[in-house]
Each structure stands twice: as C-alpha cells, then as structure tokens.
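# Breakdown of the fold
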Amino acid sequence: DLFSGHFGDIANDSQFLKVEAGGETRPGDFDPSQPSSKKYLDRLAEAIAKTGVRAAHISNNAPRNLADLDEAKRREGIQVAKHWLDASSRIGAFSMRCNTGGPRLIPAAQVDPELGYPMNKELVPHIRKAIESFRELADHGEKVGVKVTIENHWGIAADPMNIRIIIREVGSPWCEASPDFCNWEHEYMLYHGLEALAPLSSTMVHAKRWTRFPDVDIARCVRIMTSAGYRGYFAVEYEEQGDGVVGSKQIMEEVLAAL
C-alpha cells in the first residue's frame, strides 16, 4: 500500500505541481502526467518487479474536491484522479483511494421551516456531486484496470452510510470501499461502521491502531472483514504513540493470528 505523498524524485521539480505560498513558488503534489514523472514511474515499476513485491494499492490524498459544489474545482479533481489512475496502472497497482472531499465536517440536519421536520438539504448536493465524480472515475478505472476506492476519511465519508450510498449509486465493480479500522468520529463506529463497509470491499483495508482508539480490537475487526467474504490485502497502519516499528509489528501479528 503506497502513500501518494511519497511519490516523485525530490531533486526534479518538473515532476511536481507548482504551488504559490508566501509570495514564492514551491513544489506541490506529484504530477504523474509529466514526461519526467512517467519515466520515474517506469523506473519504480522496474524496481517493484526486481524486488519481487507488489504495488497493490495507492492511498491517495492528491485528488481533491470530488464532492465540491464548485464545478471547476470538481473537474480539476477528477482530472488529477484520472492521471493518478493512469499512474497506478503503470506500476501495476489494482486499486487507488480517492477522498470524497467536500466539507470536512458533515453538515447537520436543520428543521425545515415549512414542514417542521429535520431535513439535511445541505448534504444532498455534495453526495450527488460525489456520485457523479466516482461514476466517471470508475469508468476510467475500468479502462486502465484500476479500481477506485473510498475510505472512511473525513468529510461526507466519515459516515459509512454515505459511502454505501455513493458506491451503490455508482453501481460499478470498479468502485468500492477501502475501510480503515480507526478513522471514525466515535467509538461505536469502530465495529458497526466497519460492518457496513466490509461487504463493499475486495482489495484493501487498513488495519490500524490509533492514539484516539488505542484499544481497538484488531482481531474483531479482521473477523468482521473475513466474515463478510473479504479476501483482499490488510495494510498495517500505526498512528499511536511509541515505537512505530514495534507497534506495526504487533498489529501485523494480531492480524495474522486472527486470519
């Protein structure tokens, strides 16, 4: 499982987008569409093959605004995601995460003054835009052989029901969930949220212990996934205090024991 922020040769600025900050221009995200970037990806693919490992998935933070109501920003996010899907295919990965974007916090329901009942009219347009974006990306992913995945990763994706809605509405085997054991807003989601996403997953899940939820039951989470028929990869992700190597090894051993 590769993180998008680690891609690129930092000695070659032509591989990165330009960002204006503090009155100066500096390199931003890796831009896989550049000729120099494609050569870098080919070298990466060769290194992956030579070492005998597999680039299974890219956890990607680069595509943004896929649920944004600003159409120009949304189209820009879709194009960035397509470039990254092409890059994923180039190195042999078969799935890639795209964050939904939109508001960082899910808008709350408000009482409709005419009906007198709660309605969440602010959330619906963001979900509609996300469905449109992921439907287009699933079509592109099918062309290049890479699945588009949604992780419970803040914004409207913090609620597993919203992820289910998007995936079911897209209705493509090239769009699915890639759950994380700990990216939840409260402890009751640790297992019940995972149960909602497990049937929609087939390629990647993040087995994680986090400072917010240090006592998450890794074995229980693994059983939830396998009971739903999941046979994909488990990526170890450690974000708790302490030694990261020791902590990651402990999670790996717990996952293996549960399997």
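Description of the structure in this document. (Residues numbered from 1 in each chain as written. Predicted model: local features only at pLDDT ≥ 70, side-chain atom pairs only at ≥ 80, totals over all residues. Heavy atoms only, no water.)

Here the focus is the side chain of Ser-178. When you line up the elements, Ser-178 lands in the loop between strand S9 (175-177) and helix H5 (189-197). Within the local environment of Ser-178, its side chain forms a polar contact with the side chain of Thr-149, the two groups lying 2.8 Å apart. For Ser-178, the contacting residues outside a window of four places in its chain are His-57, Thr-149, Ile-150, Glu-151, Asn-152 and Met-204. (Helix = DSSP H or I, 4+ residues; strand = E, 2+ residues; numbered from the N terminus. Polar contact = N/O pair within 3.5 Å; in protein donor to acceptor, adjacent residues only side chain to side chain. Contact = heavy atoms within 4.5 Å.)

What follows concerns helix H2 (residues 71-90). Spanning 20 residues, H2 covers 29 Å between terminal C-alpha atoms, matching the ideal 28 Å at 1.5 Å per step. Taken residue by residue, H2 has Arg-74, Gly-77, Ile-78, Ala-81, Lys-82, Trp-84, Leu-85, Ala-87 and Ser-88 as its buried positions. Residues of H2 that are buried in the fold lie against strand S3 (24-30), helix H1 (35-51), strand S4 (57-59), strand S5 (95-97), helix H3 (123-144) and strand S8 (147-150). For H2, the N-terminal cap is Asp-70; the gap from its side-chain oxygen to the backbone nitrogen of Ala-72 is 3.0 Å. Note on H2: the residue one or two positions beyond its end, Gly-92, has a positive phi of about 90 degrees. (Expected span 1.5 Å × (residues − 1). Buried < 20%, exposed > 50% of the residue type's maximum accessible area, 1.4 Å probe, protein only.)

Here we come to a nonpolar patch on the surface. Among the surface-exposed residues, Val-236, Met-252, Leu-256 and Leu-259 lie close enough to one another that they form a single nonpolar patch of about 370 Å² accessible area. Note on placement: Leu-259 falls in the segment after helix H7 (244-258). (Patch = residues over 30% accessible without salt bridge, like charges linked within 9 Å, V, L, I, M, F, W, Y side chains within 5 Å. Areas by Shrake-Rupley, 256 points an atom, 1.4 Å probe, with all protein chains shown as cover. Salt bridge = Lys/Arg side-chain N within 4 Å of Asp/Glu carboxyl O.)

If you check the backbone angles, Asn-65 has positive phi at about 65 degrees while not being a glycine. Mapping Asn-65 onto the fold places it in the loop between S4 and H2. Although it is not a glycine, Trp-154 sits at a positive phi angle of roughly 75 degrees. Inspection of the secondary structure puts Trp-154 in the loop between S8 and helix H4 (160-170).

Volume-wise, the largest pocket comes out at about 280 Å³. Around the largest pocket sit 17 residues that line it, and Phe-3, Ser-59, Arg-97, His-206 and Glu-237 are the ones nearest its centre. At the level of secondary structure, the elements contributing two or more residues to the lining of the largest pocket comprise strand S1 (2-3), strand S10 (204-210) and strand S11 (233-239). Here the element with the most residues in the lining of the largest pocket is S11; it accounts for four residues. Here the residues of the lining of the largest pocket sort into five nonpolar, five polar and seven charged. (1 Å grid on protein atoms, 1.4 Å probe; cavity = no way out; pocket = protein on both sides within 12 Å on 5 of 7 lines; lining within 4 Å. Points joined across faces, edges and corners; volume = space filled by probe spheres on them. Nonpolar A, V, L, I, M, F, W, Y, C, P; charged D, E, K, R; others polar.)

Proteins that are soluble and globular tend to have nonpolar side chains buried together. Counting 62 residues, the largest nonpolar core has Phe-7, Ile-91, Cys-98, Phe-134, Leu-137, Ile-166 and Phe-181 as its most contacted members. Counting residues per element, this core draws most heavily on H3, which supplies seven residues. In this structure, Phe-7 is in contact with Leu-2, Phe-16, Phe-30, Tyr-40, Leu-41, Leu-44, Ile-58, Trp-84 and Ile-91, ignoring residues within four places of it in sequence. (Core = buried A, V, L, I, M, F, W, Y, C linked by side-chain atoms within 4.5 Å.)

These figures capture arrangement, not role.
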